[in-house]
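# An overview of the molecular structure
This is what each chain is made of:
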Amino acid sequence: SKALELRGIEKVYKRGEPGEVAVLRGAELVLEAGEVVALVAPSGAGKSTLLHIAGLLDTPDAGQVLIGGQDVTGESDRRRTVVRRDDLGFVYQFHHLLPEFTAIENVVLPQLANGVSAKEANQRAEELLGHMGLGGRMTHRPAALSGGEQQRVAIARALANGPRVLLADEPTGNLDPATSDRVFAALMELVRTTGLAALIATHNPDLAGKMDRVVTLRDGLLV
Ligand code: ADP
Ligand code: ADP
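Structure report, in brief. (Residues numbered from 1 in each chain as written. Chains lettered and ligands numbered in written order. Predicted model: local features only at pLDDT ≥ 70, side-chain atom pairs only at ≥ 80, totals over all residues. Heavy atoms only, no water.)

This part is about the site of ligand 1. Near ligand 1 you find Y13, K14, V23, P42, S43, G44, A45, G46, K47, S48 and T49, and these make up its full shell. Here an oxygen atom of ligand 1 and a backbone polar atom of K47 are 2.8 Å apart. The separation between an oxygen atom of ligand 1 and a polar side-chain atom of T49 is 2.5 Å. When ligand 1 sits alone it has 560 Å² of accessible area, and the protein chains cover 62% of it. Along the lines of polarity and charge, the residues of the shell around ligand 1 split into 4 nonpolar, 5 polar and 2 charged. (Near = heavy atom within 4 Å. Polar contact = N/O pair within 3.5 Å; in protein donor to acceptor, adjacent residues only side chain to side chain. Areas by Shrake-Rupley, 256 points an atom, 1.4 Å probe, with all protein chains shown as cover. Nonpolar A, V, L, I, M, F, W, Y, C, P; charged D, E, K, R; others polar.)

This is the structure we're talking about:
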């Protein structure tokens, strides 16, 4: 089934002003459930714009975004927030973990916010952190974890509410190559066991080569 569909996405910044930039000019992408796609594009090509639109943080000037077959383009901000919380997971280059909370709390909290019971949330958090090889680090605060460990917690958090689609922007971009490889392998294993779809922006050709498919942005189109 189709997890994410981008149909004819157009985005222009500063329309009608000097310095107008047409970043997206009809971008098309279909992510099937279970598919992992690399987004590789030079800086300034529109990667962030595309991820923000797919993540319902920004609206396109034209075109549709479908999540799980549902067109969410024209939905209210409130409805889009619900879809973002229930169906989308985000991982960034910098992890944005809550510094005052432990690893497990960082993975539990988004579930509590989503109405999951404390018991279930803890079980799921333990399972996810265990999968990420962090069984022995659950009660550490982010500052007591290495960069790779922090990023693995962030991945577990992104998957906490069982999203359909994972959107990641340079998820291993601030890690050394060996750590980057390990974190990416752990991410891929979790993606494979949960069957979610992932769109992962990266500048790393080795990582891109390990994904199912590579797309790039050229003149505002995804190819
Ligand atoms: P990437 O993530 O691939 O580096 P972006 O999506 O951030 O690319 O930006 C694509 C282009 O759009 C760039 O030329 C950038 O300067 C421009 N741009 C991005 N955001 C804005 C904005 N809010 N206003 C005007 N131009 C923008
Ligand atoms: P930046 O300066 O890189 O935009 P931010 O801390 O503002 O840093 O945001 C980091 C990332 O989090 C960005 O990719 C941004 O688009 C994303 N982001 C911001 N707000 C939200 C939100 N409410 N939900 C999901 N992602 C968000």
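The final tally for this structure, using the stated rule, is 11 salt bridges. As a salt-bridge pair, K47 and D169 come within 4.0 Å of each other at their nearest N and O atoms. Of this pair, K47 sits in helix α1 (residues 47-54) while D169 sits in strand β7 (residues 165-169), and the two are 122 residues apart along the sequence. Its relative accessible area of 10% is what places K47 among the buried residues. Taking the shortest distance from any N to any O, the salt bridge between E149 and R137 comes out at 3.0 Å. Within this pair, whereas E149 is found in helix α5 (residues 147-158), its partner R137 is found in the loop between α4 (118-131) and α5, the two being separated by 12 residues in sequence. With relative accessibility at 32%, the residue R137 sits in the partly exposed group. (Salt bridge = Lys/Arg side-chain N within 4 Å of Asp/Glu carboxyl O. Helix = DSSP H or I, 4+ residues; strand = E, 2+ residues; numbered from the N terminus. Buried < 20%, exposed > 50% of the residue type's maximum accessible area, 1.4 Å probe, protein only.)

Tracing the sequence through the fold places T49 in helix α1. Classification of T49 as buried rests on a relative accessible area of 8%. Not counting residues up to four positions away in its chain, the partners in contact with T49 are K11, Y13, V23 and L24. (Contact = heavy atoms within 4.5 Å.)

With respect to the element layout, E35 can be found in the loop between β2 (21-32) and β3 (36-39). Separated by 3.0 Å, the side chain of E35 and the backbone nitrogen of E32 make a polar contact. A polar contact of 2.9 Å, which involves the side chain of E35, links it to the side chain of R213.

Right, let's get into the packing of aromatic side chains. Throughout the structure, instances matching the rule amount to 1 aromatic pair. Ring plane angle 10° and centroid distance 6.2 Å describe the contact between F90 and Y92, whose orientation is recorded as stacked. You can call F90 buried: its relative accessible area is 18%. The class for Y92 is partly exposed, based on a relative accessible area of 35%. (Phe/Tyr/Trp six-rings, centres within 6.5 Å; stacked < 30°, edge-to-face > 60°.)

A sheet is described by the order of its strands in space; here 5 strands give the open sequence β6-β7-β8-β3-β9, paired in parallel fashion. A single partner strand is all that each edge strand has here, and the edge strands are β6 (88-91) and β9 (213-215). The sheet shows a mean angle of 20° between the axes of neighbouring strands, direction not considered. Strand contacts of α1: β3, β6, β7 and β8 (197-201), with the helix running at about 155° to β7, the strand carrying the most contacts. Across the sheet, α5 touches β6 and β7, and the angle it forms with β6 is around 170°. (Pairing = 2+ DSSP bridges. Axes fitted to C-alpha atoms, helices over the stretch in contact; angles between N-to-C directions.)

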